[in-house]
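# Chains, contacts and geometry: an overview
Chain residues, written in single-letter form:
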Amino acid sequence: DTAVSQTPKYLVTQMGNDKSIKCEQNLGHDTMYWYKQDSKKFLKIMFSYNNKELIINETVPNRFSPKSPDKAHLNLHINSLELGDSAVYFCASTPHRTSMNTEAFFGQGTRLTVV
Amino acid sequence: TQLLEQSPQFLSIQEGENLTVYCNSSSVFSSLQWYRQEPGEGPVLLVTVVTGGEVKKLKRLTFQFGDARKDSSLHITAAQPGDTGLYLCAGRFSGYALNFGKGTSLLVTP
C-alpha cells in the first residue's frame, strides 16, 4: 500500500493549459509539501500545508495554487502553463510541522512536460 | 532560503572504490538528513544526524556531522553498482521544511 501517492505520474500538455496534480498520503501525517525538481535535479520547496492550513509559500508564481481538502490530500493546480514549468513535482509528508528530525516521505513524482 | 552546497556534483567510479560526498552551509543546521533518489522515484531517507560530531553507520555508508553543525559528509566504502543513484543532503534550519542540496549523482560501474 503506497504511503504517498501522486497522480498522474506523467503529464504532457501545451502551453497555456491548466492542469492539476493530486497527492494523497495514508500515513496519518499532519503536514504535506510540494517540491519542484528541475532538470539539474535541484529539489526546491514550493508549499507546505499543516492540517489543511497553508504554512509555507515560497516565491512561486501565483499561477500555482495548492489546495488541501483534508489533511490527507494536497493537490496542486497550475494555470496558464509555461515552458519553464516543465519539471518533476514531488509531494511529501511528515508527521507534524514541528518534527525537526523525522523522515519526510515522498511520492513517486509527477513529470510535467509543457510543449 | 539557506543554501546547502554539495560536492562533487557528479561521481563515476568503479566497483570496489571508496568515495566521499560533502555537504556544507554557512548556517547552522538544526538537523541534517541524507536521502537517496533512484530514477523515477522520490527521495528515500538514509539517515538523520542531530548532534555536532555525530557519526552514524549504515552498512558500508558512514555519515558524519560536523562539530559546528554546518557540514556533513557521506563516505561509501567498497562501492557497489547498487549504490548508484542521486544522493541528497537536506537540512532544517529554523523551520520545518527541508532545504536540499543540489545532489551528487553517483555511478558505480562493475
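Residues numbered from 1 in each chain as written. Chains lettered and ligands numbered in written order. Predicted model: local features only at pLDDT ≥ 70, side-chain atom pairs only at ≥ 80, totals over all residues. Heavy atoms only, no water.

Okay, the overall build of chain A next. Within chain A one finds zero helices and eleven strands. Reading the helices (α) and strands (β) of chain A from amino to carboxyl end gives β-β-β-β-β-β-β-β-β-β-β. Against the compact-globule benchmark of 13 Å for 115 residues, chain A has a radius of gyration of 13 Å, which places it among compact chains. Here the C-alpha coordinates of chain A stretch approximately 40 × 30 × 25 Å along the principal axes. Residues classed as buried in chain A amount to 43% of the 115 residues present. Taking the intrachain contacts of chain A between residues at least 6 apart in sequence as the baseline, contacts between residues at least 24 apart amount to 55%. Of the roughly 5,700 Å² of accessible surface on chain A, 49% is carried by carbon and sulfur atoms. Of the side-chain charges in chain A, 13 are positive and 11 negative, and the distance between the mean point of each set is 5 Å. (Helix = DSSP H or I, 4+ residues; strand = E, 2+ residues; numbered from the N terminus. Rg over C-alpha atoms; globule rule 2.2 N^0.38 Å. Buried < 20%, exposed > 50% of the residue type's maximum accessible area, 1.4 Å probe, protein only. Contact = heavy atoms within 4.5 Å. Areas by Shrake-Rupley, 256 points an atom, 1.4 Å probe, with all protein chains shown as cover. Lys, Arg positive; Asp, Glu negative; His and termini not counted. Charge placed at Lys NZ, Arg CZ, Asp CG, Glu CD.)

The subject of this paragraph is the packing of aromatic side chains. Tallied over the entire structure, the rule returns ten aromatic pairs over all chains. Plain terms: the ring middles of A:Y35 and A:F106 are 5.7 Å apart, the flat faces sit at 50° to each other, and that makes the pair tilted. Here A:F106 lies in strand β10 (residues 105-106) and A:Y35 lies in strand β4 (residues 31-37), a separation of 71 residues in the sequence. For A:F106, a relative accessible area of 11% corresponds to the buried category. Between A:Y35 and B:F100, the ring centres sit 5.6 Å apart and the planes meet at 85°, which makes this aromatic pair edge-to-face. Placement of the pair is A:Y35 in strand β4 and B:F100 in strand β10 (residues 99-100), with the two residues belonging to separate chains. An aromatic cluster of at least three residues, connected via ring pairs, comprises A:Y33, A:Y35, A:F90, A:F106, B:Y35 and B:F100. Taking NZ or CZ as reference, B:K102 lies 5.6 Å from the ring centre of A:F42, over its face. (Phe/Tyr/Trp six-rings, centres within 6.5 Å; stacked < 30°, edge-to-face > 60°. Lys NZ or Arg CZ within 6 Å of the ring centre and 35° of its normal.)

A few words now on the state of the cysteines. What the rule picks out here adds up to two disulfides over all chains. Paired through a disulfide, A:C23 and A:C91 show a sulfur-sulfur distance of 1.9 Å. Every disulfide takes its handedness from the sign of the S-S torsion; for A:C23 and A:C91 that torsion is -75°, giving left-handed. With A:C23 in strand β3 (residues 19-25) and A:C91 in strand β9 (residues 87-94), this pair connects stretches of sequence that are 68 residues apart. A:C91 matches A:C23 in its accessibility class, with the two residues each being buried. Here B:C23 engages in a disulfide with B:C89; their sulfurs sit 2.1 Å apart. Across the S-S bond of B:C23 and B:C89 the torsion is about 75°, and the bridge reads as right-handed. (Disulfide = S-S within 2.5 Å.)

If you look at the interface, chain A gives 25 residues, while chain B gives 25 residues. Between chain A and chain B lies a buried interface of about 2,000 Å² when both sides are counted; carbon and sulfur atoms form 55% of it. Put simply, chain A and chain B have zero salt bridges between them. For the pair chain A and chain B, the number of links is six residue pairs in polar contact (both at pLDDT 80 or more). Of all elements in the fold, only β4, β5 (43-50), β6 (53-57) and β9 of chain A reach the threshold of two or more residues within the side of chain A that touches chain B. (Buried area = accessible area lost by both parts, 1.4 Å probe. Salt bridge = Lys/Arg side-chain N within 4 Å of Asp/Glu carboxyl O. Polar contact = N/O pair within 3.5 Å; in protein donor to acceptor, adjacent residues only side chain to side chain.)

We now examine the nonpolar core. If you look at the biggest cluster of nonpolar residues, it comprises 20 residues, and the most contacted ones within it are B:L19, B:L32, B:W34, B:L74, B:I76 and B:L106. Mapped onto this core, the elements with two or more residues apiece are β3 (19-24), β4 (31-37), β5 (44-49), β7 (61-65), β8 (71-76), β9 (85-92) and β11 (104-109) of chain B. Those residues in contact with B:L106 that lie beyond four places of it in its chain are B:L11, B:I13, B:L19, B:I76, B:D83, B:T84, B:G85 and B:Y87. Within the second largest apolar cluster, 19 residues are counted, among which are A:M32, A:F64, A:L76 and A:C91. (Core = buried A, V, L, I, M, F, W, Y, C linked by side-chain atoms within 4.5 Å.)

Residues and elements named next belong to chain B. Spatial strand order, β1-β3-β8-β7-β6: five strands in an open sheet with antiparallel pairing. Across the chains shown, the open sheet's two edge strands, defined by having one partner strand only, are β1 (5-7) and β6 (55-58). In this sheet, adjacent strand axes meet at a mean angle of 15° when their direction is disregarded. (Pairing = 2+ DSSP bridges. Axes fitted to C-alpha atoms, helices over the stretch in contact; angles between N-to-C directions.)

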